[in-house]
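Descriptive structure summary
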Amino acid sequence: MRNRLSLRRTPAARISGRRAALLLRALLCLAWVGAAVYSGSAAANNAPPWVRAQVNASLPAHDDKTVAVVLYSETVVTVESAAKLRRLERRVYRILRPDGASRGTVQIPLTPDTRILSMHAWCIPATGKDYEVGNDDAVEAGMVGTEFVTDLRVRALRIPASVPGSVIGYEVESEEQPRPYLMADAWRFQDTVPVREARYTLHLPPGWQYKATWLNHFEIPPVSEPTSWLWVLSDLTAIKIEPDMPPWPGIAGQLWISLVPPAGQEAGPGSWREVGIWYLNLGRGRRDATPAIRQKVAELTAGSTGTLAKMRALAAFVQSDIRYVAVELGIGGYQPHAAGDVFTNGFGDCKDKATLLSSMLKEIGVDSTYVLVNVLRGAVTAATPANPGFNHVILAIQLPTGLVDPSLLAVKAQPQLGTILFFDPTNPYTPLGGLSGGLQGGFGLLAAPDGGELIQLPQLASRLSAVQRTAQMSLDDSGTLRGDVHEVLTGDWAARERGTLGSASRDPDHVRSVESHIGSAFTSFQLLKVTVGNLRATDKPLEWNYSLEAGNYAKASGDLLIVRPRVLGSRSSALLETHEARQNLIEFRSTERDTDVFEIALPPGYQVDDLPGAVDVDGGFASYHSKTEVVGHRLRYTRTFEIRELSVPAAKAPELRDFYRTVWGDERAEAVLKRMPQ
Amino acid sequence: MERLYKKKGGLMRVTLRTFMPGMLGVLAGLQGSPVLAADWLPVTADDLHLTSVAQAPGAAAVILYRQVDRDDARSFQDEYVRVKILSDEGRKYADVEIPFRHFSESVRGLEARTIRADGRVVPFTGTVYEKQLVTSRTGTTLAKVFQIPDVQAGSIIEYRYRHVYSARWVFNSRWILSGDLFTREAKFSLFPNRGLSLRWTWPNGLPPGTAEPRLEKDHVVLEEHDVPAFVTEEHMQPENELKERVDFIYSGARHFETDPAVFWRKFGIIAWKFEENFVDQRKAMQRAVAQIVQPGDSDEAKLRKIYARTQLVRNLSYEHRKTEQEIERQDEVGTYSVADVWDRGAGNEWQINYLLLALVRAAGLGADPVLVARRDQYLFNQRHMNSGELDATAVIVKLDGKDVYLDPGTPFTPFGLQPWNDTDAHSLRLNADGGAWVTTPLPDASKSRIERRAVLKLSAGTLEGKLTVRYTGLEASSRRLSQRNEDDTARRQFLEKQIEHMVPAGIDVKLTNSPDWGASDASLVTEYDLEVPGWATTAGRRALLPVGLFGNNERHTFEHAVRVHPLYFGYPHQYQDDISIELPAGWHIESAPQVRSADLKALQYKAGAQSDQGSLHLTRELNINFYEATADSYGAARKFFQTVRTGDEEQVVIAPDASSPH
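Residues numbered from 1 in each chain as written. Chains lettered and ligands numbered in written order. Predicted model: local features only at pLDDT ≥ 70, side-chain atom pairs only at ≥ 80, totals over all residues.

Regarding its fold elements, chain B presents 12 helices and 36 strands. Seen through its principal axes, chain B has C-alpha atoms that stretch 95 × 75 × 45 Å. When contacts within chain B are restricted to residue pairs at least 6 apart in sequence, those whose partners lie at least 24 apart make up 75%. (Helix = DSSP H or I, 4+ residues; strand = E, 2+ residues; numbered from the N terminus. Contact = placed C-beta atoms within 7 Å.)

Here it is in structure tokens:
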């Protein structure tokens, strides 16, 4: 399966939206229309022996929520030559619960290099005759990701009677043309349901060799024959899908097989160094500037003094003026378009934008190179064997000697290249110097001239992704709160907000955005004024200014008036409010820090009778400090919420849950005002 | 509203596509290379310098001009679109995708260009890609995709193309009059196929200020100006039914009816005959009914027994989604009458309803079939003359002089009720004369309730105890219906999730009983162990308890100030809460909020807190007594829900006793 370099390709996003609806509709159409025209077999007991053999198989250990189990999984890979690889995939499931019916829809991803030779599936129902479906029943659709045009497709087949009690199985035979840059195969044997038996067989022509790398699973020796190897695993536990968990490749067991042809034949990259060289060669000549690019560089940098100002001007141009449009056909999934074409068209995908910016930077004397990354932090780790399985490209910009600036945050020292600045020209909201939280701390392949190197991207300090809220409010004796709020957002906070506002197509949508944002803080409110500052100036903090009036904010109770000092903003979470133990790491989007200062002028005639206590919690990975005090005739609430680490181990989930409970308690805590006797 | 274009000799039967072999030779000769109707239109200086549109403040882009010219005689449609890009976000409209069916359709003559803000024209010379959307045995859907280059804020982009259809078919079509972008001007025309009759309707009305489609010579034409972008809102009617459009429907019928009364009478007679043919199994039904009722049963007892018995018939319409082979096996033996349904013990939705009809008649009661327009899909209008919108059935039984509407074909529907989307619905009560229009009953809110009763203890800020939730009427049947094919584990998760959504806090909730999922008339009673950590908040020595424990569903209702569409709630329903909270030893209630209420008749709310010897008794009622209202009502409804939220956030103040060591 090809893994291309385009933004945000995830398995879940592969078939989605309108295409998914079309695919589903086509499958449904086949169900209904096909009833009239179908003349295929519904023969008795025609499931093959390897499916039938599983009918009485014992089930692997599972709980009552398990929707299905994999009884048998078999992958046979036969390398016939450097130009041809055959693959046989077989699966047998027992459906245990109605939700397991989804296992009855087989989806096989296709690339232009893949040809499906046959696709068959069977169902052995609890009662009645077997069902069989085949090639003619399949539906094919283009894949949907962020690409505008792609030649990736998916073929799907629905297995009849995929209901509890049924045993279903399928077999897909395909032929692939191994790509010289990816002479490898990955056996992903774990599933979201338990697996009873999983087998992987490798057949190699004489003289070929392989190298095996295990990820997230201990090593198992194969049963060897002269030209074939068999690995067998049994009773594999299910991986539980949880919110905010690491990406699948980062936690699921897998065996990587790197293929090594006999000497003299072209081999795939065997090391990260070679992958880096391969990618640089793929982009060779593509970063050459055209006269039009040179003219544009001159035009963009004419008013700038200093290298950094020029870099900023060029980065901003590629970020905002070159639209993200991915056209990925054939090798175009990996190979960038020429900088000149990208500039002329005014659009391109991530690698195209990186290519154009690299070309432009070179014109001002700044060198840069590609960094291949995965937008899902944790999908590639230090243990991942060399392969081009990334899904995004950013740039490593070599900072000229002596260029130091506090705005250049995402920097790292590299022995060959000196100080490099990581920059993502595809992200229109993170300015030069910053790096989005999703990329921070992840591993990327630096395509350095001397060869590739797997490096860890920097993790920025929490203070660089922050929200600072201040509010000057006044409360009257009817409980109405009035005043002005000022919010300053930086880093990922600002980028996310700009992204939300960028997708809003009308000004009223900005007001609706604030209404939704503060709706949970007030039972009734009216926005009197809303302005957003620096919306397009991504190198400056985004600023919200709004005035509001919230009736019934304070609640009267006899001669008491109850008022919540935390006016706005919630950082509590019910993520871990579940009675099931957490299985996976908890991943945060980024490190960040919120600080709030809210002042409420108290109504005449009232004085504070009770105040919430201060809160000070520090769990290492995060901290929370809040304080409510009386300053003059004002209530003053200050707090700081900080996430310091990008992830929290599952073992610390109870600690994190208690942390969130503490935050929630503080956010709801009230001050009690008492009316003074006249 | 509807209009008719009728041509002499238009006799062919048309559904969506009509095969017209007699016209093949003529039309094939007319399909030459595409010739677009208009050249690029001139660009004004005002449009070049346009930076905003007053009627669409802050819009990322607007449609300056759009033209759709359809010719059903020569089987093509020309489209012309001119868009002004007003901000960077609007550049996405330069990515164009034109879907079409492979083999039977094609897209030709595609041209596009960018007009920069300085007036320079950049023609599109790039690649037009053909993208596969989906392929199956029934055909392939492709799309022409391209990106218009050099697009910046301030640019005007425009493109045009011809959509060519197979000359062997005539397609019904529609003009969509409101879309994602504000439209300054649009022109539409349609040249009808002369061999067929054509009717056109605008079921959802026309944009304000737009004149009705008119016939000019042989063309139907319409112009529109300043049409706002369509917006999506919470609690709105079906989106497709709110977007303004003009539907064109061809007919090959010998007499294309223009009079809705005649149309529906003819349709009603056909439907009646079909129904009578299906249910006319008197002897078989008499034998069947003898197994169900006793001679001494009252009419109501008979009816209830028959209703309950028909609900036991295996309902094929509500089983898991089947593949073609499963359907083939299921239909190996055809179902041609109610006797077949009875003998087989299985039938689909309408077959089960007609079985009830036959059995009831066999028991000596008067009953009529009804065709119902479900209102979750359509906003039915007789004048549209679209019989496909009568997409459900029911049976009206005369009992003690009153009409009782029954629908055993929808599983778990209580006796005397219908599924919510069949209530207050336009319906055709069939008879030999073609039938009569009726409106199905709308049960009042008290028939569909969610009652939540909790007995809880407060300890260290956490509420803990037992919760019982009773769903009645449509609240019960809709849940049973949605979970009909699930197992106990999924149902437990479903119910627990429902409670989690009710409480505005993270909670731990566990279902402790086995609810009756198979019943129809009985309430769905569910019991839980409930824990709400940190529900009481601190205020120094005091603690505070919000009274709206189950108010989460209303926390964000109608929080936006502006409303465009009418309000739509599905069906009237009620919530009733009764919560007892035992306070920790040594604590007392210092103050409790006054009863808070709001009464708009259509919407009613009342919440209160009473102290009761060391415990707290909270009550809350919320009645939604209507299901639809005009957008003018939004202000009042919004204020009502603000009152609800305010009431739910009222606090009970508790404090340690003076003698307490706390």
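Next, the rest of the story.
All right, on to the confidence of the model for chain A then. Residue and element names in this part refer to chain A. When pLDDT is averaged across chain A, the result is 89; 92% of the residues are at 70 or more. The spread of mean pLDDT over the elements of chain A runs between helix α1 (residues 17-37), the lowest at 42, and strand β11 (residues 195-203), the highest at 98. Every residue in residues 6-43 is under pLDDT 50, and counting partners more than four places away or in other chains gives 82 contacts. (pLDDT = per-residue confidence, 0-100.)

Let's shift gears to the confidence of the model for chain B. Per-residue pLDDT for chain B has a mean of 89; in total, 93% of the residues score no lower than 70. Here the predicted complex scores 0.85 on pTM and 0.82 on ipTM.

The next point concerns the domain arrangement of chain B. Residues and elements named next belong to chain B. One can read the domain layout of chain B as domain 1 (22-193 + 214-233), domain 2 (260-442) and domain 3 (446-656). Each of domain 2 and domain 3 has a C-alpha centre, and the two are 37 Å apart. Counting residues at the interface gives 12 residues for domain 2 and 13 residues for domain 3. When its residues are assigned to classes, the side of domain 2 that touches domain 3 shows 7 nonpolar, 4 polar and 1 charged. (Domains from an automatic or database assignment. Nonpolar A, V, L, I, M, F, W, Y, C, P; charged D, E, K, R; others polar.)

Right, let's talk about the pairing of strand β24 (residues 462-471) of chain B for a bit. Residue and element names in this part refer to chain B. As judged from the 10 bridges shared by strand β23 (residues 449-459) and β24, these two strands associate in the antiparallel manner. Counterpart to Ala454 in the pairing with β24 is Leu467. Where β23 hands over to β24, the hairpin turn is made up of 2 residues, of which Ala460 adopts a positive phi near 50°. Sheet analysis places β24 next to strand β26 (residues 524-532), joined by 9 bridges and oriented antiparallel. Residue pairing in the sheet places Tyr471 in a bridge with Leu524 of β26. (Pairing = 2+ DSSP bridges.)

Residues and elements named next belong to chain A. In the contact formed by helix α4 (residues 291-301) and helix α7 (residues 350-363), the axes pass within 10 Å of each other and the chain directions differ by 65°. The pairing of α4 with α7 is recorded here as roughly perpendicular in orientation. Viewed along their axes, α4 and α7 form a crossing whose handedness is right-handed. Only Ser359, Met360 and Glu363 of α7 make contact with α4, whose side of the interface consists of Ile293, Arg294 and Val297. Per-class residue counts for the contact of α4 with α7 are 3 nonpolar, 1 polar and 2 charged. (Axes fitted to C-alpha atoms, helices over the stretch in contact; angles between N-to-C directions. Parallel < 35°, antiparallel > 145°, perpendicular 65-115°, else oblique. Left-handed = near helix turned anticlockwise from the far one by under 90°.)

Looking now at the interface of chain A and chain B. In this assembly, 74 residues from chain A lie in contact with 68 residues from chain B. Element by element, the count of residues in the side of chain A that touches chain B is highest for α1 of chain A, at 10 residues. Across the side of chain A that touches chain B, the residue classes tally to 33 nonpolar, 20 polar and 21 charged. Relative to strand β7 (residues 129-136) of chain B, strand β6 (residues 139-142) of chain A runs antiparallel, the two being bridged by 2 bridges. From the neighbouring strand, Glu140 of chain A faces β7 of chain B, where its bridge partner is Thr135 of chain B.

Let us look at the domain arrangement of chain A. Residues and elements named next belong to chain A. One can read the domain layout of chain A as domain 1 (11-260), domain 2 (273-460) and domain 3 (463-675). The C-alpha centroid of domain 3 is placed 37 Å from the C-alpha centroid of domain 2. Counting from both sides, the interface comprises 15 residues of domain 2 and, opposite them, 14 residues of domain 3. Tallied by class, residues from the side of domain 2 that touches domain 3 come to 4 nonpolar, 9 polar and 2 charged.

All names here are of chain B. Pairing within the open sheet is mixed, and its 8 strands lie in the order β6-β5-β9-β3-β2-β11-β14-β13. With one partner strand each, in any of the chains shown, β6 (121-123) and β13 (214-216) form the two edges of the open sheet. The mean angle between the axes of side-by-side strands here comes to 15°, regardless of whether they run parallel or antiparallel. Note: strand β11 (residues 182-191) against strand β14 (residues 219-227), 7 bridges, orientation antiparallel. Counterpart to Glu185 in the pairing with β14 is His225.

Okay, the sheet that holds strand β1 (residues 68-81) of chain A next. Residue and element names in this part refer to chain A. If you walk across this open sheet you meet the 8 strands as β5-β4-β9-β2-β1-β11-β14-β13, and the pairing is mixed. Every other strand in the sheet has two partners, leaving β5 (131-133) and β13 (223-225) as the edge strands with one partner each. Across the sheet, the mean angle from the axis of one strand to that of its neighbour is 10°, orientation sign disregarded. Relative to β11, β1 is paired through 7 bridges, and the arrangement is parallel. Paired with Thr75 across the strands is Tyr200, a residue of β11.

Residues and elements named next belong to chain B. For helix α9 (residues 349-362), spanning 14 residues, the distance from its first C-alpha to its last is 20 Å, which sits close to the expected 20 Å at 1.5 Å a residue. Among the residues of α9, Gln351, Ile352, Asn353, Tyr354, Leu355, Leu356, Leu357, Ala358, Leu359, Val360, Arg361 and Ala362 are the ones counted as buried. Following α9 by one or two positions, Gly364 has its phi on the positive side, about 95°. (Expected span 1.5 Å × (residues − 1). Buried ≥ 20, exposed ≤ 12 C-beta atoms within 10 Å, placed from the backbone.)

The next subject is the pairing of strand β35 (residues 622-631) of chain A. All names here are of chain A. Of the strand pairs in this sheet, strand β34 (residues 615-618) and β35 are connected by 4 bridges, and their pairing is antiparallel. In the sheet register, Val615 faces β35, and the bridge partner there is Ser626. Linking β35 to strand β36 (residues 634-643), which pair antiparallel, is a turn of 2 residues; within it Gly632 sits at a positive phi near 65°.

Residues and elements named next belong to chain B. Compared with an ideal rise of 1.5 Å per residue, which puts 15 residues at 21 Å, helix α12 (residues 634-648) spans 21 Å between its outermost C-alpha atoms and is within 8% of the ideal. Burial of α12 is extensive: 11 of the 15 residues sit out of reach of the surface. Among all positions of α12, only Tyr634, Ala637, Phe640, Phe641, Gln642, Thr643, Val644, Arg645, Thr646, Gly647 and Asp648 are buried. Where the residues of α12 are buried, they touch β28 (542-546), β29 (567-568), β32 (596-599), β33 (603-611), β34 (615-624) and β35 (628-629).

This brings us to unusual backbone geometry. With a phi close to 50°, Asp235 of chain A is a non-glycine residue in the positive phi region. Mapped onto the fold, Asp235 of chain A is located in strand β14 (residues 228-236). Phi at Ser75 of chain B takes a positive value of approximately 60°, unusual for a residue other than glycine.

Let's shift gears to the nonpolar core. Counting 82 residues, the largest nonpolar core has Leu475, Ile562, Val563 and Leu673 of chain A together with Leu544, Leu545 and Val652 of chain B as its most contacted members. With 5 residues, α12 of chain B is the largest single contributor of residues to this core. For Ile562 of chain A, the residues in contact, after removing those within four places along its chain, are Ala554, Lys555, Ser557, Glu670 and Val672 of chain A together with Leu544, Gln651 and Val653 of chain B. Of all hydrophobic cores here, the second largest spans 74 residues; its members include Val318, Val327, Ala339 and Leu460 of chain A. (Core = buried A, V, L, I, M, F, W, Y, C linked by C-beta atoms within 7 Å.)

Attention now moves to the packing of α4 of chain A against helix α5 (residues 307-321) of chain A. All names here are of chain A. The N-to-C vectors of α4 and α5 enclose an angle of 120°; their axes lie 9 Å apart at closest approach. With respect to α5, the axis of α4 lies oblique. Two packed elements cross with a definite hand, and for α4 against α5 that hand is right-handed. Contacts from Val297, Leu300 and Thr301 in α4 reach Lys310, Ala313, Leu314 and Phe317 in α5. Of the residues contributing to the contact of α4 with α5, the split by class is 5 nonpolar, 1 polar and 1 charged.

Residue and element names in this part refer to chain B. For Gln613, the location among the structural elements is in the loop between β33 and β34. The exposure class of Gln613 is exposed, given the 7 C-beta atoms found within 10 Å. Taking the C-alpha atoms as reference, Gln613 lies 84 Å from Asp218; in sequence the two are 395 residues apart.

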